[in-house]
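# Secondary and tertiary structure notes
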Amino acid sequence: MGRRSDTPDSALRSGPPADAAPGVRAVGCTAGGAPVGLAGTFTSARMLVETVCSCGGRHVPPAGSETESAPVVVGPFASAGRLAQTWADPATGTLGRGALSQTRLYYEVTDGPGPDERLVRFSTDLADLAGPRSAMWPAAVAASLAGETLPMPLTPYEGIFQLACGTTLGTSGGRERLTLDEFDLADLADQARRITGRPTDPHEVLRRALRHAVDEALAFTGAHGVLGDGGGFGAAALAAVAPARLRRLHVHLDVPILDRRRGRLAAGVKVIDGTAHWHRACDTPWFGSAMDGDPWPPAPGLLRSTAWEATPLLSGAGLVGLFTGPADTPGRLRTGWRQLTMAAPFPTLFGHPGWRAWSPPRDDDPPPSQGPGDPADAPDPLRPGGWISPAVAQAGVAVTSARTSSHLVPIVDDTTGAVPGAASLQTVIDLLERPPRAPGDHRLDPVLVCAHPVVLGAAVLLARHGRLRLRRRDGYVHRAPLLRDLVPAGPLPADVTPAEREGLLAAAYVTRRLAAPARRAALLAQVEGSPWVLPDRLRAVLADSRRMLADARALQRLCVTAARHPGPPTGGRS
């Protein structure tokens, strides 16, 4: 796995590699395009890098020129340093992804030209390494069907990996070595203080950090940017601190509850309808994953009617979690209402009789499981996903056992019980290390403002001074009070969480996709003979519309998985 780098965090933030500066034009581009990606190969002796340009082409430096050994750097911010960049450096023979880099980098290791050499192919586009005919990893398919997420550095394709945040890849002695960079939250807060200054008002600290991040994201174009506005506090706060530089955009979706967002938007927000795109995703069974059909982030076709197709797209996702303090404070006396909200739910909410929670097991209780494959190992048929066979968990164990905490998140201090700012960093890392999209998914990647080093540093600084406390009113928790105070219009109505949005989209998908009896029968026929599905239980779920809605997430995963991987073990028929 390699070792942790001894390079201080301030050095990683000081700037890009030598002779490279973000925002410069791509070498060899006559149209004046900027680098948006990179690809190439390297061995222990030589690295060849081509620049993916915003003009739509790819440029290779001339052989023997000085630019051939110059590093290629990609990042959304103008001067955030290597901490927020992804790079390939032919001079040192290394690939790297900064701790807060939003640009993914995939790589594959194969046999090189020599007997003892190894060839590393890399690209920021997964489609360069995994073509349309590439077979997916069965363990990843099983984990996806079970609702598990792929941990870093795995991808859905066996043998293809992605660099985790804060990781450098190099070759030495014919072997690949990963170097993990340290992350110092205290140094990050000091770096943020140089930009925000020392104001006494925490709102001013937050305002300056957000405005600086927006200016950095738009420094490449020098014009305005497009802000994705779903009606939440993150977008509202960004629009409040930089109203002159941001054009607000909302993608409307004709889905129950989600369609209410259109009525709670501020004046001046441009609304485009993504319902047709969503319907095509529901009717097209071969898109990559369960959420690849989501109209947000938007596809380029949705932006053509707005004349903002070439404008940088920004997102306020993660800002609420970034500037929300921990839910519990050790040693604080809780009120009576707080005690009630933290009480254990009554067992009947989980489908068990109340008295069974404290009584010993009865004689007619099922015997304990005797091992894999035992009928007692089968899930409860009345629970969501009860038709998924226990064999799925066994097949996906290679993925689920790879989970580990990020090396960037500080270890909890035993003396205080928490590291100030560690929760904010975890929020950003979770967004940056989400599972990759399927090859061919051309939706735009919005710039996450929360991943700017100054914004994260401001959150750490405020957490160290106890400024990220929760507010409670009428028994309800009000998250991110600092963001709320930045919104000039006052408190906004409650919005759905990302998890609730996924549930609503899954219910809409199942309602449309499996509405006709013929489609439900076709799904049953498609998974017939699969060891991963219990057909009798699935048939019972499909026969009850209420159980279909309750099991919408698992049914959506089944539809996508069975269509994309029609052969065994997901199904015996294509």
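Reading the values: the criteria
- Residues numbered from 1 in each chain as written.
- Predicted model: local features only at pLDDT ≥ 70, side-chain atom pairs only at ≥ 80, totals over all residues.
- Heavy atoms only, no water.
- Helix = DSSP H or I, 4+ residues; strand = E, 2+ residues; numbered from the N terminus.
- Buried < 20%, exposed > 50% of the residue type's maximum accessible area, 1.4 Å probe, protein only.
- Contact = heavy atoms within 4.5 Å.
- Areas by Shrake-Rupley, 256 points an atom, 1.4 Å probe, with all protein chains shown as cover.
- Salt bridge = Lys/Arg side-chain N within 4 Å of Asp/Glu carboxyl O.
- Pairing = 2+ DSSP bridges.

### Some points on the overall build of the chain
Counting secondary structure elements, the chain contains 19 helices and 18 strands. Counting across all 574 residues of the chain, residues that qualify as buried make up 46%. At a minimum sequence separation of 6, the contacts of the chain that also span at least 24 residues come to 65%. Counting every atom, the chain has about 28,300 Å² of accessible surface; 54% of that belongs to carbon and sulfur.

### Description of the pattern of salt bridges
Side-chain pairs of opposite charge can arise whenever the charged atoms involved come near each other. The full count for this structure, using the stated rule, is 15 salt bridges. Among the salt bridges present, the one from E204 reaches R208, with a minimum N-O distance of 3.0 Å. Taken together, the residues span about one helical turn, with E204 and R208 both in helix α4 (residues 202-217) at a distance of 4 residues. A relative accessible area of 22% means that E204 is categorised as partly exposed. One salt bridge in this structure joins R553 and E502, with 4.0 Å as the shortest N-O distance. Here R553 is found in helix α19 (residues 552-564), whereas its partner E502 is found in helix α15 (residues 498-513), with 51 residues between them in sequence. Bridged by salt links that share partners, the residues E50, R58 and D128 form one connected network.

### Notes on the sheet that holds strand β7 (residues 106-111)
Across the sheet, 6 strands lie side by side as β3-β2-β1-β8-β7-β9; this open sheet has antiparallel pairing. The outermost strands of the open sheet, each flanked by one partner alone, are β3 (58-59) and β9 (160-162). Pairing between strand β1 (residues 35-42) and strand β8 (residues 118-123): 4 bridges, direction antiparallel. Across the sheet, residue F42 finds its bridge partner in β8, namely V120.

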